Amino acid sequence: MDPLEGEASSVSVEYEPVSVKDILVEMKDTAELLIDLSYSAVLHRNEDLAREVLRLEERMDVLELKGRMSLMMAVRNPDDAEQLAPVLGIVTAADDISDAAGDIAKIVLEEMGLPEAMRAALPEATETLVRGVVDADSTYANRTLAEIDLESETGVRVIALRRGDDWLLNPGPETTIEPDDVAFLRGPDPAIEDVYEELAGDSYELPVVDAPDVDDLERAVDTIVHMKNLSELAVDLAYSSVLFDSENLAKEVRNLEVEVDALESRFEAWTLRAAADAEDPIALRGLIRLGNSTEVISDAAVDITEGVLRDLDVHPVVQLAVQESDEIITSVEVEAGSDLDGTAVISGVPDAESTMSVIAIRRPGDGWLLVGDSDVELQAGDVLISKGTRTAGEAFDALSAA
């Protein structure tokens, strides 16, 4: 048994008054980081990242149990039960996502079998995610992220910090980096090396890149990256559909799930064909689990939206979560002749009088385009998934109409 799994089973959890709203937000952030870390562990064959996934999985197990306890305490009558049933489904689905991410991480830790040259086949634009322990003598230690201004200076972002058993999932400008923090950095390879060395006081050695040992491995890795990105988007939209009681977003989650299923089917077929020609077919066994786990994540995202699609009333604890943030995610369709028809989108920002940021496009006939990966020109019929303030969202909706 993996030692981390043993630790997870021994954690004792007692009921304490906890806001269901806070648990939902924390589970959402944890689920998104779990997906990111687990796929990065596989694509970069990084055991340290894989172990962090198991730590996060343990955290999610505790959150799920606390969520169930809080929901049971909140039920006082049949109306409460009806409104809280979908919230219970959200808690369960988040745990399913966590378990799937843990299964992905174990592909690396249990050496289930992966092509040796997966990292060599990564698209050039793919950023690297690394884990480093903050050295006491680092110039970053005991300073806030605003003081360091890391992203502006280097393009590298601190996406999360682990401080002992505590996680800081959304570090902001005022977050202080402390000695011995475990920092998770994302950015381009050249910059990652320098930042890691400054942070950890040790040199970061890029993994040796081997020539692809499986035919057409680049296409398979492209599919893996796309499935990972679509799964992350599905989870994000699923939670947003609940928080904002948006049936449109819930329907887009179903569209994403269909796309992921199709990708998983093609990926599985590719793996079986590659195994037939490989000297050691067992070396591809981990890819089968990767595809299956990805499908579990997208299915769980759909489960999160069940209450919205069934038009059940939103419980007040969910409404409280919405009131804390002015940021929303919207889904709008570009109409022919509208201000957005023919508009260029560069790095997610449309050339229009709007502060909304486009994160994805569903284009009839072409499927999903993740805007962060490329610049595009909007077309009539495009369904835009965008993020911004409520005020900007209303204005953006008007721009999409003819």
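Cut-offs applied
Residues numbered from 1 in each chain as written. Predicted model: local features only at pLDDT ≥ 70, side-chain atom pairs only at ≥ 80, totals over all residues. Heavy atoms only, no water. Salt bridge = Lys/Arg side-chain N within 4 Å of Asp/Glu carboxyl O. Helix = DSSP H or I, 4+ residues; strand = E, 2+ residues; numbered from the N terminus. Buried < 20%, exposed > 50% of the residue type's maximum accessible area, 1.4 Å probe, protein only. Phe/Tyr/Trp six-rings, centres within 6.5 Å; stacked < 30°, edge-to-face > 60°. Pairing = 2+ DSSP bridges. Axes fitted to C-alpha atoms, helices over the stretch in contact; angles between N-to-C directions. Contact = heavy atoms within 4.5 Å. Patch = residues over 30% accessible without salt bridge, like charges linked within 9 Å, V, L, I, M, F, W, Y side chains within 5 Å. Areas by Shrake-Rupley, 256 points an atom, 1.4 Å probe, with all protein chains shown as cover. Lys, Arg positive; Asp, Glu negative; His and termini not counted. Charge placed at Lys NZ, Arg CZ, Asp CG, Glu CD. Parallel < 35°, antiparallel > 145°, perpendicular 65-115°, else oblique. Nonpolar A, V, L, I, M, F, W, Y, C, P; charged D, E, K, R; others polar.

Undergrad: Help me understand the pattern of salt bridges in this model?
TA: When their charged atoms lie close together, side chains carrying opposite charge are able to pair. Counted under the stated rule, the structure contains 19 salt bridges. Lys28 is paired through a salt bridge with Glu32; the nearest N and O atoms lie 3.0 Å apart. Taken together, the positions of Lys28 and Glu32, both in helix 2 (residues 20–43) and 4 residues apart, correspond to about one turn of that helix. A residue is classified by how much of its surface remains accessible, and Lys28, at 15% relative accessible area, is buried.

Undergrad: I would appreciate a short explanation of the packing of aromatic side chains in the present structure.
TA: Here the distance between the centres and the angle between the planes together describe a pair of aromatic rings. Following the criterion strictly, the structure yields 3 aromatic pairs and no others. When the ring of Tyr196 is compared with that of Tyr204, the centres are 5.2 Å apart and the planes differ by 50 degrees; the resulting orientation is tilted. Judged by its relative accessible area of 17%, Tyr204 is buried. Ring centres 6.3 Å apart and planes at 10 degrees place the aromatic pair Phe267 and Trp270 in the stacked group. Highlighted residues: Phe267 and Trp270, both in helix 9 (residues 247–277), separated by 3 residues, approximately one helical turn. On the accessibility criterion, Phe267 (3% relative accessible area) is buried.

Undergrad: Looking at this structure, I do not really get the sheet that holds strand 8 (residues 344–346). What am I missing?
TA: Whether parallel or antiparallel, the strands of a sheet pair through hydrogen bonds between backbone atoms. In spatial order, the strands read 9-8-12; together these 3 strands make up an open sheet with antiparallel pairing. Because the sheet does not close on itself, it has two edges, and the strands there are strand 9 (349–350) and strand 12 (376–377). Sheet analysis places strand 8 next to strand 9, joined by 2 bridges and oriented antiparallel. Looking across to strand 9, one finds that Ile346 is bridged to Val349.

Undergrad: Mind showing me how you'd approach the sheet that holds strand 6 (residues 182–187) here?
TA: Reading across the sheet, the 4 strands line up as 1-6-3-4 and stay open at both edges, with antiparallel pairing between neighbours. Sheet topology places strand 1 (128–133) and strand 4 (166–168) at the edges, where each strand pairs with a single neighbour. If you compare each strand with its neighbour and ignore which way they point, the axes differ by 20 degrees on average. Direction of pairing for strand 3 (residues 157–163) relative to strand 6: antiparallel, over a ladder of 5 bridges. Bridge assignment links Arg162 to a residue of strand 6, and that residue is Val182. Relative to the sheet, helix 7 (residues 189–200) contacts strand 1 and strand 6, its axis offset from that of strand 1 by approximately 10 degrees.

Undergrad: I keep staring at the side chain of Ser293 and nothing clicks. Help me out?
TA: Looking at the secondary structure, you find Ser293 in helix 10 (residues 285–304). Under the relative-accessibility criterion, Ser293 is labelled buried at 5%. If near-sequence neighbours (up to four positions away) are discounted, Ser293 is found in contact with Ala100, Asp103 and Ile104.

Undergrad: When you look at a negative patch on the surface in this model, what are you seeing that I'm missing?
TA: Residues Asp79, Glu82, Asp245, Asp311 and Asp313 make up a contiguous surface patch of negative charge. Secondary-structure assignment places Asp245 in the loop between helix 8 (217–243) and helix 9. By relative accessible area, Asp245 is classed as partly exposed at 44%.

Undergrad: I tried to follow the packing of helix 2 against helix 8 on my own but got confused; where do I start?
TA: Each pair of packed helices can be described by the angle between their axes along with the distance between the axes. Running from N to C, helix 2 and helix 8 cross one another at 180 degrees; their axes reach a closest spacing of 10 Å. It follows from the interaxial angle that helix 2 and helix 8 lie roughly antiparallel. Across the interface between the two elements, Leu24, Met27, Lys28, Ala31, Glu32, Ile35, Asp36, Tyr39 and Leu43 from helix 2 touch Val221, Ile224, Val225, Lys228, Ser231, Glu232, Val235, Asp236 and Tyr239 from helix 8. Partitioning the contact of helix 2 with helix 8 into residue classes produces 11 nonpolar, 1 polar and 6 charged.

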